[in-house]
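# Geometric and topological summary
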Amino acid sequence: MKQVLALVFAFYINTVAGQHLLYIPDTLSGTTFNLTVHRDSLQFFPGKITQTLGVNSHKYLAPTLIFRKGDSISITVNNNIGDTTTMHWHGLHVAPANDGGPFSMIMDGMSWNPQFVVRNNAATYWYHPHMMMKTAEQAIKGDAGMIIIRDEAEAALTLPRTYSIDDIPLIIQSVEFNTFNQFMPTGMVDSIVLVNGTDSPYVHAPAQIVRMRLLNASGERTFNFGFTANRSFSVIANDNGLLQSPVAATRIRLSPGERAELLIDLTGMNGQIIQLKSYASELPMGIQGGPTMPMPSWSPPMNSPLNGIDFNVLQINVGPQTTSPVTAIPTTLVPDTPYLEANANATRFINMTADSMMVMDGPFYFNHNLFDMMRIDYRIPLNNTEIWTLMDSTMVAHPFHIHDVHFYILDRNGLPPSPVECGRKDVVLVQSMETVRVIAKFEDFADTTIPYMYHCHILMHEDDGMMGQFVVTSEASGTSNVIKNSGFSIFPNPAQQAVHIVNTTSPEKTIIKIVDELGRVIYESSFEQSTTIPVEHWASGIYFVFLANEQQMTTQKIIINR
Ligand code: C2O
Ligand code: CU
Ligand code: CU
């Protein structure tokens with residue numbers, strides 16, 4: 001009887017209490033993209049309206065960008081959020097100047113125009129800001145979107161690819177709201193799961209083979225996805241491309257930043273309902289989202305009620321077939337040749353550390369160092385093939401992410417990775433006391449002026465400084481890729497009393513803004529030929545000088561040092 005009641009109750013919750021039709025972001029495709037990030041608000045819950053960030057017409061989240069491999073694209077990012085930001089193309093192999101890392105700041109009211117050739121293989125990628133100490137705040141408030149890359153190899157396969165019909169984008173985020181219905185981007189009590197910004201979502205899917213693109217865009221939570229009744233599915237792609245052949249699975253674990261594409265066969269299920277769930281009870285302790293240590297009753301709530309339990313992520317209402325359904329899962333996908341360990345010509349060792357073994361919420365470090373914008377951690381010769389050994393000496397698992405390249409996992413504690421993890425990746429979850437070796441090749445882009453980042457993709461760990469930076473250097477070969485060379489000279493640097501800025505091209509009205517490391521605007525003015533800025537009262541530290549006129553736009557670093 002008890003069980004029946006529980007079942008009835010579960011049914012009531014699932015079907016009556018506030019289920020919402022899954023929101024599907026619209027798409028932008030072509031070669032020219034215009035993105036305006038703005039402040040907005042959305043009624044997530046009854047009562048107070050929630051302050052959000054959105055892109056273009058979206059009040060929360062961003063349009064899905066569809067890129068074709070080989071296309072030369074140009075993206076204009078307009079910043080209208082009332083704060084400094086950046087925009088990073090997560091997983092894309094682009095030059096540092098186009099990567100949108102912490103150095104490519106876009107001041108409020110300004111825009112940024114990266115241009116690059118799409119070189120990545122077909123897969124699911126994403127975009128989000130990368131502003132120093134503000135990534136969590138800006139991404140969780142809604143400044144994030146999906147990128148779908150298509151290419152010829154993928155197009156040659158019989159796969160579902162009708163967006164929102166049999167190819168469903170799922171941006172999954174666990175979030176915390178305070179009692180005034182506002183986002184708590186760094187909160188640990190992330191008890192609401194949003195899919196494409198929809199709370200308690202359901203989606204209609206046809207009774208045939210359906211593709212789902214899963215992106216874990218959460219600040220910290222790892223999901224252990226599966227379907228009700230342990231229904232089997234096929235994983236066809238991970239972070240950076242299609243696998244060589246589909247891998248049958250009943251679970252796929254995704255930590256923050258990771259993506260996967262699944263095929264699920266719903267043939268003959270018209271009228272039925274299944275759930276995409278996170279089987280978080282099966283995660284080991286130490287992974288954020290898994291079971292937690294019991295806390296004394298007097299301590300304030302530190303953990304989300306979702307930790308360590310199985311919960312629904314998305315309800316799937318199966319409906320009639322479409323007119324031209326995909327009816328079979330291909331047996332092979334796209335050939336790929338992982339980099340060979342024998343070809344590696346350098347190794348790096350990254351130890352994930354904390355002040356003590358008891359630390360659960362940071363700060364965490366790489367090799368005992370906090371991120372420092374003035375320190376280049378690695379100088380990597382162009383075309384190096386490198387093995388990075390990632391060791392987690394803390395109590396919690398960290399999703400390690402690197403910009404510029406994709407990598408292959410060589411081993412986890414000496415054992416080969418699972419078949420799902422065998423393809424091209426750009427995030428790997430490293431568990432407490434685990435050692436993971438990955439191999440990557442640093443091709444195409446050398447630039448010693450703007451670094452690439454590597455960091456933990458738990459956004460609060462990243463914002464707290466669990467990040468490092470590298471430059472790729474080239475002597476003779478390789479493409480140097482500073483998009484616009486600066487026509488300004490700034491001196492002396494480091495400065496003590498004053499900074500002089502001279503426009504070395506033709507004089508014209510130039511806007512100047514100087515911001516500190518936190519993105520606060522310290523100085524704002526304009527000049528034509530040259531200007532002198534007294535800085536003797538400024539705190540020692542790093543500042544960014546942002547210069548823009550009709551001809552060019554640049555951000556340069558200066559140091560005030562006395
Ligand atoms: Cu998803 Cu450094 O980024
Ligand atoms: Cu990235
Ligand atoms: Cu971390």
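Bear in mind that the values here come from a model prediction, so they are computed numbers and not experimental data.

Here is what the cut-offs are and how they apply
- Residues numbered from 1 in each chain as written.
- Chains lettered and ligands numbered in written order.
- Predicted model: local features only at pLDDT ≥ 70, side-chain atom pairs only at ≥ 80, totals over all residues.
- Heavy atoms only, no water.
- Helix = DSSP H or I, 4+ residues; strand = E, 2+ residues; numbered from the N terminus.
- Rg over C-alpha atoms; globule rule 2.2 N^0.38 Å.
- Buried < 20%, exposed > 50% of the residue type's maximum accessible area, 1.4 Å probe, protein only.
- Contact = heavy atoms within 4.5 Å.
- Lys, Arg positive; Asp, Glu negative; His and termini not counted.
- Charge placed at Lys NZ, Arg CZ, Asp CG, Glu CD.
- Domains from an automatic or database assignment.
- Phe/Tyr/Trp six-rings, centres within 6.5 Å; stacked < 30°, edge-to-face > 60°.
- Donors = N, O, S within 2.8 Å, 3.2 Å for Na, K, Ca; no water.
- Salt bridge = Lys/Arg side-chain N within 4 Å of Asp/Glu carboxyl O.
- Pairing = 2+ DSSP bridges.
- Axes fitted to C-alpha atoms, helices over the stretch in contact; angles between N-to-C directions.
- Polar contact = N/O pair within 3.5 Å; in protein donor to acceptor, adjacent residues only side chain to side chain.

Turning our eyes to something else, we now look at the overall build of the protein chain. Of the regular secondary structure elements, the protein chain holds four helices and 41 strands. By the compact-globule yardstick of 24 Å for 562 residues, the protein chain fits well, its C-alpha radius of gyration being 24 Å. A principal-axis box enclosing the C-alpha atoms of the protein chain has dimensions of 80 × 55 × 50 Å. Here the protein chain holds 562 residues, and 58% of them are scored as buried. Put simply, 74% of the contacts in the protein chain that link residues at least 6 apart link residues at least 24 apart. Here the protein chain contributes 33 positive and 50 negative side-chain charges, whose respective centroids are spaced 3 Å apart.

It is worth spelling out the domain arrangement of the protein chain at this point. Each assigned domain of the protein chain is listed with its residue range as follows: domain 1 (341-473) and domain 2 (483-560). Each of domain 1 and domain 2 was reduced to a C-alpha centroid, and the two centroids are 33 Å apart.

Summed over all chains, the structure comprises 32 aromatic pairs. Residues F44 and F177 carry aromatic rings whose centres are separated by 5.4 Å and whose planes lie at 50° to one another, so their mutual orientation is tilted. Here F44, found in the loop between β3 (32-42) and β4 (50-55), pairs with F177, found in the loop between β12 (167-175) and β13 (192-195); they are 133 residues apart in sequence, far enough to count as distant. Summarising the burial analysis for this pair, F44 and F177 share the class buried. With centroids separated by 5.8 Å and ring planes inclined at 25°, the aromatic side chains of Y378 and Y454 adopt a geometry described as stacked. Of this pair, Y378 sits in strand β26 (residues 378-381) while Y454 sits in strand β32 (residues 445-456), and the two are 76 residues apart along the sequence.

Turning our attention to the coordination of the copper ion (ligand 2). Surrounding the copper ion (ligand 2) are the protein donor atoms H88 (NE2) and H401 (NE2), which sit 2.0 Å from the metal. Separated by 313 residues along the polypeptide, H88 in strand β7 (residues 88-90) and H401 in strand β28 (residues 398-402) bring together distant segments of the chain. Residues H88 and H401 agree in their burial class; the two are buried.

One pass over the full model with this rule turns up 26 salt bridges. Linking R213 and E261 is a salt bridge whose minimum nitrogen-to-oxygen distance equals 3.0 Å. Of this pair, R213 sits in strand β16 (residues 209-216) while E261 is found in strand β21 (residues 259-265), placing the two residues 48 residues apart along the sequence. Pair check on accessibility: R213 and E261 agree, each one buried. Bridged by salt links that share partners, the residues E154, R161, D167, R211, R213 and E261 form one connected network.

This part covers the pairing of strand β29 (residues 407-412). Most of β29 is tucked away, with six of its six residues classed as buried. As defined by bridge partners, β29 adjoins strand β31 (residues 435-441) across five bridges and the pair is classed as antiparallel. Bridge pairing in β31 links Y408 to I439.

What follows is about the sheet that holds β12. Taking strand neighbours across the sheet as the criterion, the seven strands line up as β14-β13-β12-β16-β21-β18-β19 in an open arrangement whose pairing is mixed. Of all strands in the sheet, those with a lone pairing partner are β14 (198-199) and β19 (241-249), marking the two edges. Across five bridges, the pairing between strand β18 (residues 233-238) and β19 is antiparallel. Bridge pairing in β19 links V235 to V247.

Moving on: the environment of F103. Summarising the element assignment, F103 is placed in the loop between β7 and β8 (111-112). Overall, F103 belongs to the buried group, its relative accessible area being 10%. Spatially, the C-alpha atoms of F103 and M132 are 8.8 Å apart, while their sequence positions differ by 29 residues. Excluding its chain neighbours within four sequence positions, the residues that come into contact with F103 are M373, I450, P451, M453, Q469, F544, T555 and K557.

If you walk across this open sheet you meet the three strands as β35-β36-β39, and the pairing is antiparallel. Among the strands making up the open sheet, the edge pair consists of β35 (488-491) and β39 (530-534). Direction aside, neighbouring strands of the sheet carry axes that sit 15° apart on average. Where β35 lies against strand β36 (residues 498-503), four bridges are found, and the strand directions are antiparallel. In the sheet register, S489 faces β36, and the bridge partner there is V502.

Glancing now at the environment of H130. Position of H130 among the secondary structure elements: in the loop between β10 (123-128) and α2 (135-140). In sequence terms H130 and F103 are 27 residues apart; their C-alpha atoms lie 9.0 Å from each other. The contacts of H130, once residues within four sequence positions are left out, are T86, H88, G100, G101, P102, T135, H403, M453, H455, E462 and M467. In this structure the side chain of H130 is engaged in a polar contact, spanning 3.1 Å, whose partner is the side chain of H455.

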